[in-house]
Amino acid sequence: MFACAPNLAGSAARETWWSQTNMCKRMIDSDTIKAIGEANDIVKIIGQSLKLERSGNNYKGLCPFHESEDRAATFYVSSQRQVFHCFDCGAGGSVFRWVMMHDDLDFEAATRKLADRAGIALWKARPTALG
Ligand SMILES: [Zn+2]
């Protein structure tokens, strides 16, 4: 499976061809990335893999990115700012960064995963040759 295989209906061969020829080189436009970010609440996404506890305006939990002997909750997620941050190992960023780190994906694959989850199409145009 290709990390950036397109989210399009069609045969496996078509998908492979399309991903190899065009898809990986394309840029995802910033408006789409913004919409994907807004459609994926970081607290919900992280909460799927991590037990989060409400702490004031934020949520906290055990950081999955470093070994912690005392198992202190140094990992914070801000619903308001839509970012996460670990005060111990310094891991942090947006929901995209979380998926990249947690699922070991590159930016494009992480974006695709979040787009799929939100039902957002990443690429509007398809080559007419496929029709
Ligand atoms: Zn950490």
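Residues numbered from 1 in each chain as written. Predicted model: local features only at pLDDT ≥ 70, side-chain atom pairs only at ≥ 80, totals over all residues.

1. Some points on the overall build of the chain
Right, on to step 1. Counting its regular elements, the chain contains five helices and five strands.
Right, on to step 2. Expressed as a percentage of contacts within the chain between residues at least 6 apart in sequence, the contacts between residues at least 24 apart total 40%. (Helix = DSSP H or I, 4+ residues; strand = E, 2+ residues; numbered from the N terminus. Contact = placed C-beta atoms within 7 Å.)

2. With respect to the nonpolar core
Right, on to step 1. One finds Ile-42, Ile-46, Val-95, Trp-98 and Leu-114 to be the most contacted residues of the largest nonpolar core, which totals 19 residues.
Right, on to step 2. Taken together, the elements giving at least two residues each to this core come down to helix H3 (42-49), strand S3 (75-78), strand S4 (83-86), helix H4 (95-103) and helix H5 (107-118).
Right, on to step 3. Sort the elements by how many residues they give to this core and H4 lands first, with four residues.
Right, on to step 4. Each residue touching Ile-42, except ones within four places of it in the same chain, is listed here: Val-77, Gln-82, Val-83, Phe-84, Val-95 and Trp-98. (Core = buried A, V, L, I, M, F, W, Y, C linked by C-beta atoms within 7 Å. Buried ≥ 20, exposed ≤ 12 C-beta atoms within 10 Å, placed from the backbone.)

3. Regarding the pairing of S3
Right, on to step 1. Only one face of S3 is covered, namely the face carrying Phe-75 and Val-77; the face carrying Tyr-76 and Ser-78 is uncovered.
Right, on to step 2. Taken together, the four bridges between strand S2 (residues 58-61) and S3 define a ladder with antiparallel strand orientation. The residue of S3 that forms the bridge with Gly-61 is Phe-75.
Right, on to step 3. With four bridges connecting them, S3 and S4 associate as antiparallel partners. Directly across from Phe-75, in S4, lies its bridge partner Cys-86.
Right, on to step 4. Counted along the chain from S3 to the antiparallel partner S4, the turn is four residues long, and its residue Gln-82 has a positive phi close to 60°. (Pairing = 2+ DSSP bridges.)

4. What to know about H3
Right, on to step 1. Buried within H3 we find Ile-42, Ile-45 and Ile-46. Looking straight down H3, one finds its buried side chains confined to an arc of 90°; they lie on one side.
Right, on to step 2. Buried-residue contacts for H3 involve S3, S4 and H4. (Arc of directions from axis to C-beta.)

5. Things to note about the pairing of S4
Right, on to step 1. Of the two faces of S4, only one is covered, namely that formed by Phe-84 and Cys-86; the face formed by Val-83 and His-85 stays uncovered.
Right, on to step 2. Looking at chain direction, S4 and strand S5 (residues 92-93) are connected through two bridges and run antiparallel. From the neighbouring strand, Phe-84 faces S5, where its bridge partner is Gly-93.
Right, on to step 3. Between S4 and S5, which pair antiparallel one after the other, the connecting turn spans five residues, and Gly-90 there sits at a positive phi close to 85°.

6. Quick word on the confidence of the model for the chain
Right, on to step 1. The predicted model of the chain averages 82 in pLDDT, with 73% of residues at 70 or higher.
Right, on to step 2. Segment residues 1-10: pLDDT under 50, and 25 contacts once partners within four positions in sequence are set aside and those in other chains are kept. (pLDDT = per-residue confidence, 0-100.)

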